[in-house]
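What follows is each chain in one-letter form.
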Amino acid sequence: MIRRALAVGRKVVLRSYALALLVVVGWTGYTAVAYLVRSVFRPVHVPSRFLSWQTALDSQALRTGTGQGATFPRAPLSHYHHFEHGFQPDPHNGCTTSGCHSPLPHRKKLETRAFANFHATFLTCQMCHLVHDSAPLEAAWIDLSSGRVQDPPAMLRLTAELESISEKLAMRPVGVRAGIGEQLREVLRAHGPDALLEHLLARIETSEPGSPVWNRAVEQLAGELPDQTPGEYAARLAPRPVASDYLNIAARLRSQAQEYLAAAPGSPLREQLHKKIHGALQPQPDACLACHGGEPPLVDFRAVGYPPGRAAQLRNEIIARQMQQIREGRPFYIPRILEGADGNRRP
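Every chain's residues receive numbers from 1 upward, in the order its sequence appears when written. Local features are withheld for residues below a pLDDT of 70 in this predicted model, meaning they are given only at 70 or higher, and side-chain atom pairs are given and counted only at 80 or more; totals for whole chains, interfaces and linings count all residues. In computing side-chain properties, one takes all heavy atoms of the structure into account and sets aside hydrogens as well as water.

K.L.:
Got a sec to walk through the pattern of salt bridges? Specific residues and values, please.
P.N.:
For this analysis, a salt bridge means a side-chain nitrogen from Lys or Arg found within 4 Å of a carboxyl oxygen belonging to Asp or Glu. Taken as a whole and judged by the stated rule, the model has 5 salt bridges. One salt bridge connects Glu205 with Arg185, and the closest N-O pair in it is separated by 2.7 Å. With a gap of 20 residues between them, Glu205 in helix α10 (residues 195-205) and Arg185 in helix α9 (residues 173-191) connect regions that are remote in the sequence. Across the salt bridge formed by Glu295 and Arg315, the nearest N and O atoms sit 2.6 Å from each other. Note that Glu295 is positioned in the loop between α14 (268-278) and α15 (308-315) and Arg315 in helix α15, a separation of 20 residues in sequence. Burial here depends on accessible area, computed with a 1.4 Å probe over protein chains only, as a share of the maximum for the residue type. Under 20% is buried, over 50% is exposed, and the range in between is partly exposed. Its relative accessible area of 19% is what places Arg315 among the buried residues. Each helix is a run of DSSP H or I of at least 4 residues and each strand a run of E of at least 2, with the numbering of both proceeding from the N terminus.

K.L.:
I'd like to hear about helix α13 (residues 246-262), residue by residue, with values.
P.N.:
With 17 residues, α13 extends 24 Å between its outermost C-alpha atoms, agreeing within 8% with the 24 Å of an ideal straight helix rising 1.5 Å per residue. Restricting attention to buried positions, one finds in α13 the residues Tyr246, Ile249, Ala250, Leu253, Gln256 and Ala257. Looking straight down α13, one finds its buried side chains confined to an arc of 135°; they lie on one side. Residues of α13 that are exposed and angled more than 90 degrees away from the buried face: Gln258 and Ala262. By this rule, a helix spans an expected 1.5 Å times one less than how many residues it contains. Note: the arc covers the axis-to-C-beta directions of the helix.

K.L.:
An account of the side chain of Thr112 is needed here, citing residue identities and associated values.
P.N.:
Structurally, the position occupied by Thr112 is in the loop between α4 (94-97) and α5 (113-119). The buried category is assigned to Thr112, whose relative accessible area is 12%.

K.L.:
An account of the packing of aromatic side chains is needed here, citing residue identities and associated values.
P.N.:
Aromatic rings from Phe, Tyr and Trp, taking only the six-membered ring of Trp, are treated as a pair when their centres fall within 6.5 Å; an angle between ring planes under 30 degrees marks them as stacked, one over 60 as edge-to-face, and anything in between as tilted. Under the counting rule described, the total for this entry stands at 6 aromatic pairs. Ring geometry for Phe122 versus Tyr233: centroids 6.1 Å apart, planes at 65°, classification edge-to-face. With a gap of 111 residues between them, Phe122 in the loop between α5 and α6 (125-129) and Tyr233 in the loop between α11 (212-228) and β3 (235-239) connect regions that are remote in the sequence. For Phe122, a relative accessible area of 10% puts it in the buried group. What makes Tyr233 buried here is its relative accessible area of 11%. Ring geometry for Trp141 versus Tyr233: centroids 5.4 Å apart, planes at 85°, classification edge-to-face. Residue Trp141 is located in strand β1 (residues 139-143), and its partner Tyr233 is located in the loop between α11 and β3; the two are separated by 92 residues in the primary sequence.

K.L.:
Which residues make up the nonpolar core, and what values do they have?
P.N.:
What we call a nonpolar core is a set of buried Ala, Val, Leu, Ile, Met, Phe, Trp, Tyr and Cys residues that are connected through their side-chain atoms within 4.5 Å. Ile180, Leu221 and Tyr306 are the most contacted members of the largest nonpolar core, which totals 37 residues. When contributions to this core are tallied by element, the ones reaching two or more residues are β1, α7 (154-163), α9, α10, α11, β3 and α15. Each of domain 1 (80-133 + 246-328) and domain 2 (154-227) gives at least three residues to this core. Among the nonpolar cores identified, the runner-up in size contains 11 residues, and Ala140, Ala238, Tyr246 and Leu253 belong to it. In this document the domain limits rely on a domain assignment from an automatic tool or a database.

Right, dumping it as structure tokens:
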């Protein structure tokens, strides 16, 4: 009797287990198929605020900075590249404020336009599109807020300070701390709020110069600074004659642009005004290697404030050579950007 009861109990347990397993497998299969059907035929719509930029990126917004925050906490899901910072507009650039050109005007060649537009964030149009009779070109920085000539940007001065930090630290450590702190504050004013740079500033100003904490903060700053502030100088580099008369040139360009836009499309007057505005310009600027490898270079990077190490790197920029190959229609081999000037691979 007991054996029969145990046998029946075992059967009940086994069948209950099999039934439970069947229910689990069936429910799992149903859930998987239902999810597949919903994903294909009734996809969930992602809210637009996650798909698109939460800022204005049209030409007018780029000209004035309207609708742009200082930083972007994340890139939208529809965009591949991470984009952290807004565009610094030049309110005195007559080419763009006249309404003729976008602040990021290079659009024709898909392969190189991003590099050209990157240069437009810290160079005036005249740096590349004016015909220059000699090299190196005498150039100067223009303050974006005033449109007047200024000293080299704080970003470059701070980079130079960090390059020569060991020598200066041995001579006057307290002065070095004050110099780095002051210049980093200037960088933050030009760059906008940045949690990492602000944290490093606090560590540098609250620790003893030459101490392990201070040294680590300075070392981290030297490594992070170029990545945190790419081209964000709150200034533009221009040929010296242009920089000295930048406001008048901008006003003249805006006036000429108004006349041009008011003329009938295709009319002789409009054609005449177009030639008048663009007569001294070269539509196809100098090649990349004019600045990044040519002799003599079009721009003397040391003379415009770049520190020695960075100037040497810019004079022999590998990516510039790759861009030059693309412009000339030659093959572009991605692994080449990992090689040094002597052809040896970088570690």
